[in-house]
Structures are given as structure tokens and as C-alpha cells.
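Secondary and tertiary structure notes
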Amino acid sequence: MKKRDLIGLNYEWQPNYSTKKVVHYIKSSHFNLLPADLINELSTNLLIGTSNRMGMYLSTNKKINQEFNANIISEGTTFGTIQILPSGQPIILLADCQTTGGYVTLGTIIHSDLTILSQAKQGDYINLVAIDIECARNRNIEYERFLRHLLLERQNIIKERSS
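Everything quoted here is computed from the prediction, not taken from an experiment. (Residues numbered from 1 in each chain as written. Predicted model: local features only at pLDDT ≥ 70, side-chain atom pairs only at ≥ 80, totals over all residues. Heavy atoms only, no water.)

Looking only at helices and strands, one finds 3 helices and 9 strands in the protein. Helices and strands in the protein line up, N terminus first, as β-α-β-β-β-β-β-β-β-α-β-α. The contacts of the protein with a sequence gap of at least 6 include a subset with a gap of at least 24, amounting to 72%. Total accessible area on the protein is roughly 10,200 Å²; 52% of this is exposed by carbon and sulfur atoms. (Helix = DSSP H or I, 4+ residues; strand = E, 2+ residues; numbered from the N terminus. Contact = heavy atoms within 4.5 Å. Areas by Shrake-Rupley, 256 points an atom, 1.4 Å probe, with all protein chains shown as cover.)

Laid out in C-alpha cells, this is it:
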């Protein structure tokens with residue numbers, strides 16, 4: 001492959017890799033089992049600690065003293081599920097996560113924000129923002145349109161170069 005054959009991403013389409021990211025999620029059926037203090041704490045400045053292909057461990061600024069039942073009957077999990085440990089520590093399950101889990105969940109990261117999450121690294125901060133299903137659907141539709149636009153743009157460049 002020659003250097004002129006390479007196609008990069010135009011500057012206006014390059015993602016912002018800032019150290020503070022906003023990630024949207026849909027609330028789980030367990031959302032109301034969590035203490036309000038914990039939910040508030042989980043919505044701001046979560047520090048990304050260790051992570052691997054199975055999960056991303058987050059830490060909050062303060063210890064949650066209010067107890068809650070974090071153990072539930074096992075249920076299905078997926079890439080983007082936000083589990084809450086009995087200590088109040090959130091874990092976001094990633095691409096190689098287990099298929100079932102027995103901890104209460106805050107929600108699931110929406111499809112269009114999984115790439116933001118995947119680019120986050122240790123030491124970055126994220127804010128979790130709950131949105132309703134309709135808003136999530138609209139964000140996902142816009143994301144898919146963006147991806148289709150990139151594909152068409154790339155195909156047009158290839159076509160121009162080959163003619």
C-alpha cells in the first residue's frame with residue numbers, strides 16, 4: 001500500500017479524547033434499590049481506576065455510608081452494564097465481560113457511547129448521565145448516521161483516487 005492510498009479521518013470528525021467524558025445510560029430495574037446519595041455520587045467525576053477487557057473499575061470521591069442490598073438473583077449482563085458492588089464501587093462491564101451477574105445494576109451504557117467508554121483510560125474521569133429510552137434511541141440513530149456518513153465519505157475518496 002502506497003502512502004497516497006491511506007485515508008485518514010478528517011479533522012472535524014476526529015473524536016475528542018479529553019480526560020473528562022460524559023457517558024449516557026438507561027436506568028436498570030434495580031435503579032430504585034440504590035440509595036439517593038449513591039446515585040448522586042455516581043453521576044459526577046468518577047475516576048477510572050484499573051480496567052481490562054472484562055471491566056472498568058470506577059471510584060467515587062467519597063465513601064457511601066448508607067447500606068443497600070447489592071446482591072440479587074443472577075441475571076444477564078452485557079457490554080456496558082454498570083454493576084454496583086456492596087461497597088458502592090461501580091464497575092462498567094466491557095467487551096469480554098461475564099454473561100451473568102449477581103450485583104445490583106445502575107443501568108446500561110447506550111450503544112453510541114460505548115466507543116467513548118472504550119477510549120477512556122486509567123486516570124480519566126467520566127460522568128454517568130441517565131437518559132430515557134427515546135433519547136437513547138435518538139442518540140443511537142445519530143451515531144449510526146455519522147458512521148454511514150464516514151463510510152460514504154471514504155468510498156467517495158477511494159472512487160476519486162481510482163479515476
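Bringing the pairing of strand β5 (residues 81-84) into the picture now. Residue alternation in β5 divides its side chains into two sets, Thr81 and Gln83 and Ile82 and Ile84, and both sets are buried. As paired elements, β5 and strand β8 (residues 105-109) share 3 bridges and run antiparallel to each other. Paired with Gln83 across the two strands is Thr105, which belongs to β8. Where β5 lies against strand β6 (residues 90-93), 3 bridges are found, and the strand directions are antiparallel. Considered in β6, the bridge of Ile82 is made with Ile92. The loop that links β5 with its antiparallel partner β6 comprises 5 residues; one of these, Gly88, has a positive phi angle of about 95 degrees. (Buried < 20%, exposed > 50% of the residue type's maximum accessible area, 1.4 Å probe, protein only. Pairing = 2+ DSSP bridges.)

Here we come to the environment of Tyr103. Tracing the backbone through its elements, the reader meets Tyr103 in strand β7 (residues 100-103). For Tyr103, a relative accessible area of 30% translates into the label partly exposed. Sequence separation of Tyr103 and Ile72 is 31 residues, and the distance between their C-alpha atoms is 5.7 Å. Tyr103 has contacts with His30, Ala70, Asn71, Ile72, Gln83, Ile84, Leu85 and Pro86, leaving out every residue within four places of it along the chain.

Turning our eyes to something else, we now look at helix α3 (residues 133-162). The terminal C-alpha atoms of α3 lie 43 Å apart, and with 30 residues this matches the ideal 44 Å at 1.5 Å per residue to within 8%. Where α3 is concerned, the buried positions are Ala136, Asn140, Tyr143, Leu150 and Glu153. In this structure, the buried side of α3 is in contact with β1 (20-27) and α2 (114-119). (Expected span 1.5 Å × (residues − 1).)

Once that is clear, we can look at the sheet that holds strand β2 (residues 46-51). In space, the 7 strands of this closed barrel follow the order β1-β8-β5-β6-β3-β2-β9, with mixed pairing throughout. Pairwise comparison of adjacent strand axes, ignoring direction, gives a mean angle of 40 degrees for this sheet. (Axes fitted to C-alpha atoms, helices over the stretch in contact; angles between N-to-C directions.)

Moving on, we get to the nonpolar core. Most often, soluble globular proteins keep nonpolar side chains buried together rather than apart. Ranked by internal contacts, the top residues of the largest apolar core, which has 25 residues, are Ile84, Ile92, Leu106, Ile109, Ile126 and Leu128. Elements supplying a minimum of two residues to this core: β1, α1 (36-42), β2, β3 (55-59), β5, β8, α2 and β9 (125-130). The contacts of Ile109, once residues within four sequence positions are left out, are Val23, His24, Tyr25, Gly80, Ile82, Ile92, Leu114, Leu117 and Leu128. (Core = buried A, V, L, I, M, F, W, Y, C linked by side-chain atoms within 4.5 Å.)

A residue-level look at the protein finds 89% of positions with pLDDT of 70 or above and a mean pLDDT of 84. When the elements of the protein are averaged for pLDDT, strand β4 (residues 71-76) gives the smallest value, 81, and β8 the largest, 94. (pLDDT = per-residue confidence, 0-100.)

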